[in-house]
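Residue-level listing of the chains:
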Amino acid sequence: MKFDSDFTMTIGGKAVAGASSFEVLNPANEKVIARAPDCSRAQLDEAVAAARAAFPAWSATPIEKRREALLAIAGTLAANAEPLKRLLTAEQGKPHDDAAGDILGGAYWCQAISSLDLPVTVVEDTAERRGETRHVPIGVVGAIAPWNFPIVLAMFKVAPALLAGNTVVLKPSPFTPLTTLKVGELLRGVLPDGVLNIVTGGDDLGPWITSHPGIDKVSFTGSTQTGRKVMQSAAATLKRITLELGGNDAAIVMPDVDVEKVAEQLFWAAFKNTGQICIATKRMYVHKDIYEPLKAALVAYAKTVKVGDGAEQGAQLGPIQNRLQYQRVLELIEDARAKGYKFLIGGEKSEAPGYFVPVTIIDNPPEDSRIVQEEQFGPVLPLLKFDDLDDVIARANATPYGLGGSVWTADEDKAAEIASRLATGTVWINESQHLSPLAAFGGHKQSGLGVEGALEGLLEYTNTQTIFLKKAAA
Ligand code: NAD
């Protein structure tokens, strides 16, 4: 199988060329690497029809067999991680090791989710009646993924949806469709036809999915702005929805940390994947007593980090993934410059091709500045000073977002107290971004609706059904 050409959608287990096609660029050099199929409305109808046709048999397949199917997906991803990672770097921009992490992370997710079970709860058991509540699949799931982690975030949806007995129509981002298309090709014959369909297209395709009468649930990961549109569109047919949206995570760094030790960890909390992570640290609040030494340590570490084409040996941070996001990050840098904020490192624009932005750290900008209030989703970090704990917790919570946050201190009791006061779906203490397939992950406030991972996430792909049995003897 070729991994760098012949990109086709997977509909009903078959290769389907698009009605037309669109260009996919390498963000490191802005060159066209391939054309991806552009799904027409009629082709989406075919994908939904294929998923609906596959649903009765798949939902009736014993869960043990569905577990095996998830393990087969995991095995297929792992066995093809090498060529898939190269393709992912070419379209996404991230370094090869990180691209491998996305593929193998997807495999790990499928494997771990396969161990979950759908519980049955006996709600009544008397001489007169027996009542049981169980969880049944919803039907066809429309899964919509973003461009920052195309494979693992798709598998966050595909694994629980399939385990619960649903069939899926998956749509990757038009910025990163290629690796997902190849995963679809690899899985033809691994899964029964129609169980997992993969479609790619432009800006119309997402809204067609969220409004499609043949789709029963939408699971969406992307920006808060698009999440609102998804919710609105899904309302017309009262689809079930799971929304994993944007964030503006705060890190709170207490004065008792070992500055040299945490500087490197804090750097990666903010800059991994070129800052394009929903749960990246996007605001770093540092206690005034260690502000100066930590600032110096962060800048010194930042100077050692290599930004470059992810396909090149030694590159640790790749480019911004697409032009739109690149322009948005440059706009935030421009705003900071125009307002006269101090840049500790970075901030300059590169004239070379590719969407490269250097590691940029801004020194204590005002709390109401755009770089503090908005989700930058790029390698630009505001470093902020605090003195009073109540004040910094209030600042951390003063955002419409509520995805994640972190606390850094040697005092575990104090950390637990601070964590309990942060209004976010996840809080990390002395680390960041650790996710587990067996822990519920989701956003508070406008960072999302519902969760992924764990039993809670699995149940989002089910309807509950209670069956009462009136006993004959009663
Ligand atoms: P985006 O919202 O632009 O796009 C996400 C997906 O939605 C893409 O596949 C896109 O084609 C599709 N889409 C666009 N408009 C649509 C519409 N009207 N209806 C249906 N689908 C539509 O997001 P992005 O720029 O790809 O990703 C970055 C954002 O995603 C950031 O805000 C980030 O924080 C967030 N994100 C959240 C999580 C999480 O788990 N909470 C994880 C990763 C990224």
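Residues numbered from 1 in each chain as written. Predicted model: local features only at pLDDT ≥ 70, side-chain atom pairs only at ≥ 80, totals over all residues. Heavy atoms only, no water.

Enquirer: How do you make sense of the side chain of Ser173 when you look at a structure like this?
Expert: Relative to the assigned elements, Ser173 resides in the loop between β8 (167–171) and α6 (178–187). Note on Ser173: relative accessible area 5%, which makes it buried. Residues within four places of Ser173 in sequence aside, it is in contact with Ala145, Pro146 and Trp147. (Helix = DSSP H or I, 4+ residues; strand = E, 2+ residues; numbered from the N terminus. Buried < 20%, exposed > 50% of the residue type's maximum accessible area, 1.4 Å probe, protein only. Contact = heavy atoms within 4.5 Å.)

Enquirer: Even after reading the chapter, I still don't get the site of the ligand, so can you show me in this structure?
Expert: Around the ligand sit 29 residues in total, of which Ala145, Lys171, Thr226, Leu245 and Glu375 are the nearest. Within the side chain of Thr226, a nitrogen or oxygen atom sits 2.7 Å from an oxygen atom of the ligand. Take Glu375: an N or O atom from its side chain is 2.6 Å from an oxygen atom of the ligand. If the ligand stood free it would expose 850 Å²; the protein chains cover 88% of that surface. Looking at the shell around the ligand, the elements with two or more residues in it are α7 (205–211), β10 (217–221) and α8 (224–235). Residue composition of the shell around the ligand, grouped by class: 15 nonpolar, 10 polar and 4 charged. (Near = heavy atom within 4 Å. Polar contact = N/O pair within 3.5 Å; in protein donor to acceptor, adjacent residues only side chain to side chain. Areas by Shrake-Rupley, 256 points an atom, 1.4 Å probe, with all protein chains shown as cover. Nonpolar A, V, L, I, M, F, W, Y, C, P; charged D, E, K, R; others polar.)

Enquirer: Quick question: what am I supposed to make of the pattern of salt bridges here?
Expert: Pairing between side chains of opposite charge can happen when their charged atoms approach one another. Counted under the stated rule, the structure contains 35 salt bridges. Put simply, Lys2 and Asp6 hold a salt bridge, and the shortest N to O gap is 3.6 Å. In this structure, the salt-bridge partner of Glu82 is Lys85, at a minimum N-O distance of 3.3 Å. On the criterion of helical spacing, the pair formed by Glu82 and Lys85 is a turn pair, its members being 3 residues apart in helix α3 (residues 81–92). Looking at Glu82, the relative accessible area reads 40%, which means it is partly exposed. Residues joined in a network through salt bridges with shared partners are Asp125, Arg130, Glu132 and Lys471. (Salt bridge = Lys/Arg side-chain N within 4 Å of Asp/Glu carboxyl O.)

Enquirer: How should I be thinking about the sheet that holds strand β15 (residues 360–363) in this particular structure?
Expert: Strands belonging to one sheet form pairs held by backbone hydrogen bonds; the direction of such a pair is parallel or antiparallel. The mixed open sheet is built from 7 strands, whose spatial order is β14-β15-β16-β13-β12-β17-β18. At either end of the open sheet lies a strand with only one pairing partner, and these are β14 (342–345) and β18 (426–429). Across the sheet, the mean angle from the axis of one strand to that of its neighbour is 25°, orientation sign disregarded. Pairing between strand β13 (residues 281–287) and strand β16 (residues 380–386): 4 bridges, direction parallel. Paired with Tyr285 across the two strands is Leu384, which belongs to β16. Its contacts with the sheet put helix α10 (residues 288–302) on β12 (249–253), β13, β14, β15 and β16, and the angle it makes with β13 is roughly 135°. Packed onto the sheet, helix α11 (residues 323–338) meets β14, β15 and β16 and runs at close to 125° relative to β14. (Pairing = 2+ DSSP bridges. Axes fitted to C-alpha atoms, helices over the stretch in contact; angles between N-to-C directions.)

Enquirer: Honestly, unusual backbone geometry in this entry has me stumped. Any pointers?
Expert: Phi is mostly negative for residues that are not glycine, and the peptide bonds are mostly trans. A positive phi angle is found at Asp6, which is not glycine, with a value near 60°. Along the chain, the position of Asp6 falls in the segment before β1 (9–11). Of note in the backbone geometry, Leu238 takes a positive phi value of approximately 50° without being a glycine. With respect to the helices and strands, Leu238 occurs in the loop between α8 and β11 (240–244).

Enquirer: Teacher, can you tell me more about a negative patch on the surface here?
Expert: Negative charge collects at one region of the surface, where Asp256, Asp411, Glu412 and Asp413 lie side by side. Owing to a relative accessible area of 65%, Asp413 belongs among the exposed residues under this scheme. (Patch = residues over 30% accessible without salt bridge, like charges linked within 9 Å, V, L, I, M, F, W, Y side chains within 5 Å. Lys, Arg positive; Asp, Glu negative; His and termini not counted. Charge placed at Lys NZ, Arg CZ, Asp CG, Glu CD.)

Enquirer: What exactly am I supposed to notice about the packing of aromatic side chains here?
Expert: For any pair of aromatic rings, geometry is given as the distance between the ring centres together with the angle between the planes. Counting across every chain of the model gives 7 aromatic pairs. Pairing Trp109 with Phe156 gives two aromatic rings, centres 4.0 Å apart and planes at 25°, and the pair type is stacked. Here Trp109, found in helix α4 (residues 96–113), pairs with Phe156, found in helix α5 (residues 150–163); they are 47 residues apart in sequence, far enough to count as distant. Each member of the pair, Trp109 together with Phe156, is buried. Taking the centre distance of 5.0 Å and the plane angle of 90° together, the rings of Phe267 and Trp268 count as edge-to-face. What makes Phe267 buried here is its relative accessible area of 0%. Among the residues examined, Trp268 registers a relative accessible area of 22% and is labelled partly exposed. An aromatic cluster is defined as three or more aromatic residues linked by ring pairs; in this entry it consists of Phe267, Trp268, Phe271 and Tyr301. Sitting over the ring of Phe7, Lys182 keeps its end group 4.9 Å from the ring centre. Positioned above the aromatic ring of Tyr291, the side-chain terminus of Lys385 is 4.9 Å from the ring centre. (Phe/Tyr/Trp six-rings, centres within 6.5 Å; stacked < 30°, edge-to-face > 60°. Lys NZ or Arg CZ within 6 Å of the ring centre and 35° of its normal.)

Enquirer: So what exactly am I meant to see when it comes to the packing of α3 against α6 here?
Expert: Between two packed helices, both the angle of their axes relative to each other and the distance between the axes serve to describe the pair. Two numbers describe how α3 lies on α6: the axes approach to 8 Å, and their chain directions differ by 155°. Compared by their axis directions, α3 and α6 come out roughly antiparallel. For the pair formed by α3 and α6, the contact residues are Leu84, Leu87, Leu88 and Glu91 on the first element and Leu178, Thr179, Lys182, Val183 and Leu186 on the second. Taken together, the residues that form the contact of α3 with α6 break down as 6 nonpolar, 1 polar and 2 charged. (Parallel < 35°, antiparallel > 145°, perpendicular 65-115°, else oblique.)

Enquirer: What's the story with the nonpolar core in this structure? I'm lost.
Expert: Side chains of nonpolar character tend, in soluble globular proteins, to be buried together. Judged by nonpolar contacts, the single largest core of 86 residues is most densely connected at Leu44, Ile73, Leu77, Leu162, Val168 and Val199. At 11 residues, the largest contribution of residues to this core is made by α5. Once residues within four sequence positions are removed from consideration, Val168 is found in contact with Ala51, Val141, Ala143, Val158, Ala161, Leu162, Val195, Leu196 and Asn197. (Core = buried A, V, L, I, M, F, W, Y, C linked by side-chain atoms within 4.5 Å.)

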